[in-house]
Amino acid sequence: MSSWERLQAVGNVVLRVPSILVLERLYRWDGKEYLDLLGLQDEQLLAKYQSVVCNLFYLGHILSIVALSLPLQRLVKLYVCVLTAALLFTGHHISRYYIEAEIETEYGGSVFAQSEARNRFLASFAGQLVVCSLCSLLMQSKRLWLFSAHLLPLFARLCAVPFDLLPLVNKFAMAFTALEVLYYLVSNFGVPYDLAKSAYREAVQMIQMYGWLALGMGLWNQLLVPMLFMVFWLVLLSVHIYSYVTSRGQAVIRERLLLVVLTSVAECCGTPYSLLGLTFTVSYLALGILTMGKFYLQGFQAFANDNIMHRGVTEGATLLLLAVQTGLMELQVLQRAFLLTIMLFIVVASTLQSMLEMADPIVLALGASRNRSVWKHFRAISLCLFLFLFPLYMTYTICRFFVLDFWLLIIISSSVLTSLQVACTLFNYLLFVYEELRKQPLENLDDIVYCIHSMCRMLEFVVAVGVVGYGTTETVLGEWSWLGVGILFVHAYYNVWLRAQHGWRSFLRRREAVGKINSLPTATAMQLHKLQDVCSICYQDMESAVMTPCGHFFHPTCLRKWLYLQETCPMCHQSLGACLTPARPTENPGAGHTGVRPTEAPDAHSRGEGNVGESQRFESAMGEGEATPERSTREMGGVEQHEGGLGNKEEDKETNS
């Protein structure tokens, strides 16, 4: 992105912020309170003022929405016109103040005969020239006289016009400027209609060609909605903190900084606009934290591949959903601040979970690789220790200062599960490192990893069932709402039903693969000595092997991993389903994901051909396993994750050999 494009993006955001500020102010505006301040007693006059106030309310909304949706060039032109009008108004105020000062001094002589009169005249004249020049520059007009009407009172004083006529001259100059502004508005009266017509034509064309979704996405990207609302909310928060500090004075120093910030944040989420601004701000803050965590692990390589679920969307959506479900905007400031504290705990727990999902595959891949960089391993372990200890500290803080309820139970369960998952990741990482240091693969490593992940998933399932049961009881016996029922349903579907379904399928695949391996004949020592080859999957010497019906030899554990995905021979791709007798009919969950065609000859193993291609296809199949109900590879079974690390390690061995 060039500098000019960056400048346009900044202007596109900054110039639209005032429109949202006006909408925010109109939402908070109480017309009845304004009419009470006027103190009107006449009912007819009061009815007229109510009508005027109502019309101004709707007119402000319309103008703000129009200004918010204008193209950038038209928006810049609008601001130029508004700034020019403000400068002309400033010029007339300078003339009025100059006339009032001259009348007060009652000096009727020449302006250059007295030093004070001369200084007043020169200062006012210089200010008026600056105003005229700026107006001409903004409107891109060489006719400077169009913006010089406010100079008439100064010229009248220079020509020794009597003092009683100077206010009349000033009024004439103001009337002339008003006529100019009115002429400009009338001459551009058809511009809004032309813009609306052009926008309608483009919208209809977009809908006909691409649909409503494309139109919405186009407006979203054109207006930069997330960045726009974030800047708006930060401006609103800064203004509120400044006014709070200036109004309290020295009392703010004696207050806690956290209390001041929470109170200000609670004040700045009382309308739908400010609540959206807080949502996008939390999303960008979570995005920054996740980006720093990924950069800490991988350096600049972290920006090569990005996951949309690791962009802070989950955290922002969680905050918005909780705010709507709890009725945050209708609460008082102190109640809102207390509720925001609990919501921020939930957002922090979600951020830690997202960071774990991001770090888990990176740490496991590092443990299974030949990377001997101490600094990389230190960064991985230190981040995992932080993700293990901080959720436990947050759980201790919540249990110490709050009374347990449904939402706090969700926070505590999420924090404890995060620490449990980190412990599982660290244990698998240490196993991979130990296997690498042994220089020989562990025969039962796959079973150990699977047992660890199974226990971890079982505990997650039990906690999820407990949360759903507690939430159901509280919903039935306590406050009932459709939104609460919807949240419980989604939680039960994704965290209970899909977890159970995925775990049961994984168990069945392992059991069927073990049954198939047990039905294959074991190769004798004479056969292995005569073969003098390595396993085509892991490239390791075969001290023990099983033989497929098509005559190929593999390690039992390696072939079992292959059979988790499909029931064909890794070498010749002959179907093994008809030759084997598994416990149950195989579900073949990954058969369509390997992209392998049966083009190899059955005797390719004996010729030593195709090993590299078959291993690469096997590793590709391992990386394209069955999709899981969770958001990242954290929810994959221990088998799939170990296979990914095994593939990386064996590629390194092939390169070194």
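See the structure above.
Residues numbered from 1 in each chain as written. Predicted model: local features only at pLDDT ≥ 70, side-chain atom pairs only at ≥ 80, totals over all residues. Heavy atoms only, no water.

Participant: Just give me the short version of the overall build of the protein, but keep the residues and values in it.
Facilitator: Helix and strand content of the protein: 25 helices and two strands. Out of the 657 residues in the protein, the part that is buried amounts to 40%. Considering only residue pairs separated by 6 or more positions, the protein has 72% of its internal contacts joining residues 24 or more positions apart. Working note: accessible area of the protein is about 36800 Å², and carbon and sulfur atoms make up 66% of it. (Helix = DSSP H or I, 4+ residues; strand = E, 2+ residues; numbered from the N terminus. Buried < 20%, exposed > 50% of the residue type's maximum accessible area, 1.4 Å probe, protein only. Contact = heavy atoms within 4.5 Å. Areas by Shrake-Rupley, 256 points an atom, 1.4 Å probe, with all protein chains shown as cover.)

Participant: Please set out the nonpolar core residue by residue, giving values where relevant.
Facilitator: Nonpolar side chains in soluble globular proteins tend to end up buried together. Of all hydrophobic cores here, the largest spans 60 residues; its most connected members are Leu278, Leu328, Leu340, Met343, Ile398 and Ile411. Of the residues forming this core, the biggest block, 17 residues, is contributed by helix H16 (residues 333-368). In this structure, Leu328 is in contact with Cys269, Leu275, Ala323, Arg336, Leu339, Leu340 and Met343, ignoring residues within four places of it in sequence. Counting 23 residues, the second largest nonpolar core, distinct from the first, contains Ala513, Cys558, Leu563 and Tyr564. (Core = buried A, V, L, I, M, F, W, Y, C linked by side-chain atoms within 4.5 Å.)

Participant: Break down the environment of Phe553 for me, citing the residues and quoting the values.
Facilitator: Looking at where Phe553 falls in the secondary structure, it is placed in strand E2 (residues 553-554). According to the relative accessible area criterion, Phe553 is buried, its value standing at 9%.

Participant: Give a description of the packing of aromatic side chains that names residues and reports values.
Facilitator: The tally for this structure, following the rule as stated, stands at 12 aromatic pairs. Seen from their ring centres, Phe229 and Phe280 are 6.0 Å apart, and the 35° between their planes marks the pair as tilted. Residue Phe229 is located in helix H11 (residues 225-248), and its partner Phe280 is located in helix H14 (residues 272-298); the two are separated by 51 residues in the primary sequence. By relative accessible area, Phe229 is classed as buried at 13%. Aromatic pair Phe386 and Phe390: ring centres 5.5 Å apart, planes at 25°, arrangement stacked. Highlighted residues: Phe386 and Phe390, both in helix H17 (residues 374-401), separated by four residues, approximately one helical turn. A connected cluster of aromatic rings, assembled from ring pairs, spans Tyr98, Phe112, Phe121, Phe125 and Phe155. (Phe/Tyr/Trp six-rings, centres within 6.5 Å; stacked < 30°, edge-to-face > 60°.)

Participant: Tell me what's going on with the environment of Leu151, and back it up with residues and numbers.
Facilitator: Here Leu151 shows up in the loop between helix H6 (115-139) and helix H7 (152-158). A C-alpha to C-alpha distance of 9.2 Å links Leu151 and Cys132, two positions 19 residues apart in sequence. Apart from residues no more than four positions distant in its own chain, Leu151 is found in contact with Phe125, Gln128 and Cys132.

Participant: I'd like to hear about the packing of H16 against H17, residue by residue, with values.
Facilitator: Axis separation between H16 and H17 bottoms out at 10 Å; the angle between their running directions is 155°. Put simply, H16 runs roughly antiparallel to H17. Where H16 crosses over H17, the handedness of that crossing is left-handed. Of the residues in H17, those touching H16 at Phe345, Val348, Ala349, Leu352, Met355, Leu356, Ala359, Val363 and Leu366 are Lys376, His377, Ala380, Leu383, Cys384, Phe386, Leu387, Phe390, Pro391, Met394 and Ile398. (Axes fitted to C-alpha atoms, helices over the stretch in contact; angles between N-to-C directions. Parallel < 35°, antiparallel > 145°, perpendicular 65-115°, else oblique. Left-handed = near helix turned anticlockwise from the far one by under 90°.)

Participant: Describe the pattern of salt bridges, listing the residues and the values that go with them.
Facilitator: Counted according to the given criterion, the structure contains five salt bridges. With a shortest N-O distance of 3.4 Å, Glu460 and Arg457 are connected by a salt bridge. One end of the pair is Glu460 and the other is Arg457, both in helix H19 (residues 445-477) and three residues apart, which spans about a single turn. Each member of the pair, Glu460 together with Arg457, is buried. A single salt-bridge network, built from bridges that share partners, covers Glu102, Arg120 and Arg157. (Salt bridge = Lys/Arg side-chain N within 4 Å of Asp/Glu carboxyl O.)

Participant: How would you summarise a nonpolar patch on the surface if you had to cite specific residues and measurements?
Facilitator: A cluster of nonpolar residues, Phe112, Leu122, Leu152, Phe155, Leu158 and Phe172, forms a patch on the protein surface that exposes about 550 Å² of accessible area. Counting residues per element, the nonpolar patch draws most heavily on H7, which supplies three residues. One can find Leu158 in helix H7. Take Leu158: its relative accessible area is 39%, and that puts it in the partly exposed class. (Patch = residues over 30% accessible without salt bridge, like charges linked within 9 Å, V, L, I, M, F, W, Y side chains within 5 Å.)

Participant: Describe the packing of H14 against H17, naming the residues involved and giving the relevant values.
Facilitator: Contact pair H14 / H17: the axes reach a minimum separation of 8 Å and the direction vectors enclose 145°. Judged by residue contacts, Gly293, Tyr296 and Leu297 of H14 engage Phe378, Arg379, Ala380, Ser382 and Leu383 from H17. Taken together, the residues of the contact of H14 with H17 break down into five nonpolar, two polar and one charged. (Nonpolar A, V, L, I, M, F, W, Y, C, P; charged D, E, K, R; others polar.)

Participant: Quick rundown of helix H9 (residues 191-210)? Include the residues and the values.
Facilitator: Over its 20 residues, H9 runs 28 Å from end to end, which matches the ideal 28 Å to within 8%, given 1.5 Å per residue. Where H9 terminates, the next one or two residues include Gly211, which has phi positive at roughly 100°. (Expected span 1.5 Å × (residues − 1).)

Participant: Tell me about unusual backbone geometry, and please be specific about residues and values.
Facilitator: At Leu224, a position not held by glycine, the phi torsion is positive, near 50°. We classify Leu224 as partly exposed; its relative accessible area is 29%. Notably, Gln532 is not glycine yet its phi reads approximately 50°, a positive angle. Relative to the assigned elements, Gln532 resides in the loop between helix H21 (525-531) and strand E1 (546-547).

Participant: I'd like to hear about H11, residue by residue, with values.
Facilitator: Between its first and last C-alpha atoms H11 spans 34 Å; for 24 residues at 1.5 Å apiece the expected length is 34 Å, and the two agree. All of the buried residues along H11 are Val225, Pro226, Leu228, Phe229, Met230, Phe232, Trp233, Leu236, Leu237, His240 and Tyr244.

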